[in-house]
Amino acid sequence: MNKILSDTVSFGRQYLRTKVGAFFAFIFPVLLIMLFGAIFSSGGGTGVSLPIQNLDSGPFSEILISTLNSTGYFEISNISTDINITDYVDDESLPLALRIPSDFSSDISSNQTTIVQLYGDPTKSSYMVSYQIIKSALDQMGYNISGGAPLADITQSSGADVLEPYDFLLPGFVGLTVMINAMYFMTSTCAEHRSRGYFKLLATTTLKKYEWLTSKFLFNSAMLITSLLLTFAIAKMAFDLKADITLMTIALVVVGTFMFTSLGMLFGTMVKDPESAAAVSNIVGFPMMFLAGSFWDLSAAPLYLQVIAGAMPLTYLNNGLRDTMIYGNETSALVNLAIVFVLGLIFFVIASRLMSWKEK
Amino acid sequence: MAEAVVRVKDLKKYYPPDVKAVDGVSFEIMPGRVFSILGPNGAGKTTTVEILEGLRTPTSGQISVLGIDATKDYSSIRRRVGVLPQNFEPFDLLNPAEAIAYWADLFGQKMTKKDVEGRLEQVGLAHRKKSMAKNLSGGEKRKLGIALSLVNNPELLFLDEPTTGLDPRARRDLWKLIEETKKNGTTVVLTTHYLDEAEKLADDVVIMHKGMMIAHDSPAQLINKYGKRTAIVLVDAGSEGFKELSRRGISGVVDGDDVIVEVGDPSELRVMFAKLSSIDVKYKEMYTRRQTLEDVFLGLIGSKMEEGVLQE
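Residues numbered from 1 in each chain as written. Chains lettered and ligands numbered in written order. Predicted model: local features only at pLDDT ≥ 70, side-chain atom pairs only at ≥ 80, totals over all residues.

### Overview of the overall build of chain B
Regarding its fold elements, chain B presents 10 helices and 16 strands. Here the C-alpha coordinates of chain B stretch approximately 75 × 45 × 40 Å along the principal axes. Going through the 312 residues of chain B one by one, you find that 42% of them count as buried. By sequence separation, contacts in chain B at least 24 residues apart represent 69% of the contacts at least 6 residues apart. (Helix = DSSP H or I, 4+ residues; strand = E, 2+ residues; numbered from the N terminus. Buried ≥ 20, exposed ≤ 12 C-beta atoms within 10 Å, placed from the backbone. Contact = placed C-beta atoms within 7 Å.)

### Quick notes on the packing of helix H1 (residues 3–17) of chain A against helix H9 (residues 209–238) of chain A
A pair of packed helices is characterised by two quantities: the angle between their axes and the separation of those axes. Residue and element names in this part refer to chain A. Contact geometry for H1 and H9: axes closest at 8 Å, N-to-C directions at 55°. Taken together, the axes of H1 and H9 are oblique relative to one another. Remark: the crossing between H1 and H9 carries right-handed chirality. Contact residues: H1 offers Lys3, Ile4, Asp7, Thr8, Phe11 and Gly12, while H9 offers Glu211, Trp212, Thr214, Ser215, Lys216, Leu218 and Phe219. Within the contact of H1 with H9, the residues separate by chemical class into five nonpolar, four polar and four charged. (Axes fitted to C-alpha atoms, helices over the stretch in contact; angles between N-to-C directions. Parallel < 35°, antiparallel > 145°, perpendicular 65-115°, else oblique. Left-handed = near helix turned anticlockwise from the far one by under 90°. Nonpolar A, V, L, I, M, F, W, Y, C, P; charged D, E, K, R; others polar.)

### Thoughts on the environment of Ile346(A)
Residues and elements named next belong to chain A. Examined against the element boundaries, Ile346 turns out to sit in helix H14 (residues 330–354). Looking at Ile346, the number of C-beta atoms within 10 Å reads 14, which means it is partly exposed. A C-alpha to C-alpha distance of 8.5 Å links Ile346 and Ser262, two positions 84 residues apart in sequence.

### A look at the confidence of the model for chain B
Should pLDDT be low for a region, the predicted coordinates there are not to be read in detail. All names here are of chain B. Averaged over all residues, the pLDDT of chain B equals 87, while 96% of them reach at least 70. For chain B, strand E15 (residues 304–306) is the element with the lowest average pLDDT, namely 52, and helix H2 (residues 96–106) is the one with the highest, namely 95. Interface scoring of the predicted complex returns ipTM 0.80; its pTM is 0.75. (pLDDT = per-residue confidence, 0-100.)

### Topic: the sheet that holds strand E13 (residues 258–263) of chain B
Residue and element names in this part refer to chain B. With antiparallel pairing, four strands are arranged side by side in an open sheet as E12-E13-E11-E14. Every interior strand has two partners, whereas the edge strands, strand E12 (253–255) and strand E14 (286–289), have only one. Adjacent strand axes in the sheet meet at a mean angle of 30° when their direction is disregarded. Pairing of strand E11 (residues 230–234) with E13 involves five bridges; the strand directions are antiparallel. (Pairing = 2+ DSSP bridges.)

### Brief notes about the interface of chain B and chain A
Contacts between the two partners involve 20 residues from chain B and, on the opposite side, 19 residues from chain A. At five residues, the largest contribution of residues to the side of chain B that touches chain A is made by H2(B). By residue class, the composition of the side of chain B that touches chain A is 10 nonpolar, two polar and eight charged.

### Notes on helix H3 (residues 113–123) of chain B
All names here are of chain B. Listed as buried for H3 are Val116, Arg119, Leu120 and Val123. Buried residues of H3 fall within an arc of 100° about the axis and therefore sit on the same side. In this fold, the buried residues of H3 make contact with H2, helix H4 (138–149) and helix H5 (168–183). Looking one or two residues beyond H3, the residue adopting positive phi is Gly124, at roughly 75°. (Arc of directions from axis to C-beta.)

### Section: the environment of Thr186(B)
Positionally, Thr186(B) belongs in the loop between H5 and strand E8 (187–192). Note: C-alpha distance between Thr186(B) and Gly32(B) (154 residues apart in sequence) is 5.3 Å.

### With respect to unusual backbone geometry
All names here are of chain B. Geometrically, the link from Pro16 to Pro17 is a cis peptide bond, its omega value of 0° lying close to zero. Looking at the secondary structure, you find Pro17 in the loop between strand E1 (6–15) and strand E2 (19–29). Positive phi outside glycine occurs at Leu66, with the angle close to 50°. Position of Leu66 relative to the elements: it lies in the loop between strand E4 (60–65) and strand E5 (68–69). You can call Leu66 partly exposed: it has 19 C-beta atoms within 10 Å. A positive phi angle, near 55°, is found at Asn87, a position not held by glycine. Look at Asn87 and you get partly exposed, because 13 C-beta atoms sit within 10 Å.

What follows is the structure, given as structure tokens:
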């Protein structure tokens, strides 16, 4: 058998025989996408819990509560009027609670501005979303009472208007899976090969370094494409997934695997044992997970974070995947594919040069 | 005269700031022989061998392996060389049959299933061909290592401490394998710190100490040159026995309660035994003390032995 092919088969055989390897290759992505699906897909949600202390006995507080109920966003419950709401929020560790003052209806009737109080933890995203929804409900109520209407309104749409939030997360999820499996895996493989003397052993054969590196890339690509197809098929069956795997998606996964396998090899030239491999991968991997736009849009992030994201290889893979899977913008995806390939080539050449199987 | 398989001239390997791992070693290895490099831990054995295997770069010196300059173009002879590195660890999750087939592919060597089984048979692993390497015993792992190092039918085989840590039976099994390999015409370079192993297997021995070569010859010649003479020991003969022997014109020395009578030539042993038996000397028992490589070591480098292994 050809040396590269034989090394690929032999390596794959060993990898898949480790329970951890098989778990991270096939089961972990499925679990992760099921989890994301459960969180972000549209069906089955129970809404955000919003306990309300209504001190008002007039009609307008009832209208407000009814409006909030109709948004479908909240699960509304009552807080007794004889309780100190501040203590209650602290005692119950409530993320959200609303207090309607006793003069709410009378103030509105006499055209005075009235204030409702939202309690909770403003650092949580649900707090800010709830704040905006309550504010909108108050505005809507104001229009209804005054008989006015907003001058302009907004309706939801997207490039493909049937897409769900879950669909938008999928490309980031694919990019992240490619990074974790290829980069973390290669760094730890290099560390294990060095600490167990496998590199020295391989150096006694006619296998060349570039052949070994190529076989790892081939194995990772085959594994990740299989894993992607499996995960996607399950997600398609389990959720109402609209995003599609295109040929460009496959190309991006292959080239992304090449880039992260090469980057992992590059880190692998610096590590001597599996412990330091995990540390190096995490130092690079964690910031990339959060700053490369895998799970949220970076255009709202501060400029300096956007600059940092621009320096992260995962950003271009995520952008390319989003271009092809969400927007069908193949031209933009191709540009990102080219960037990912060039970065991969640079990492591959540097790793090949720096990697040494010999002793000093 | 046959060409040397390995020629080493003034080989040096220094590490900053001032470690001289190998310091001016020169020797030749002739084809079809077992060449053993002996020395205590840290003597420079493995460094020397790894340079010959193309796994380390020397600081200076000339090294020719199978007729090529090993510092320049090792890839051209890699296919003709077999290596079992020190502390060999097989790939845990391959079984011996898979490992041999894989290794053959890495040498571009065509091996059928039957060839693989033949190789497993040769090293005594046929019954373990489907066991994962991680489940093999230490001796079986080493046998697998030798099977891998032989997969390309090498002209030159390096075995770096192949029996370290093995039990006596596993060691003897490997000795048999090494003897068979030699019979097939392969030149074997064997590093070890087991003196009995070198004495049993080697045709030529180099003794290294602190990076330098301090002796080089066949085991028998080394013993002749550096060892004490063969002797007969009269246990518990004491000073009375010594006096009686002296009276009869036999020279000996008192060593504790024993009397030791040295014999110039081993062929004179029978005569001396007869003489001693005829003298009325009281002793517990009488035995022959033959010199070994261990004695040579003790004399040459002042090392001590712990469980048959040389220590500084």
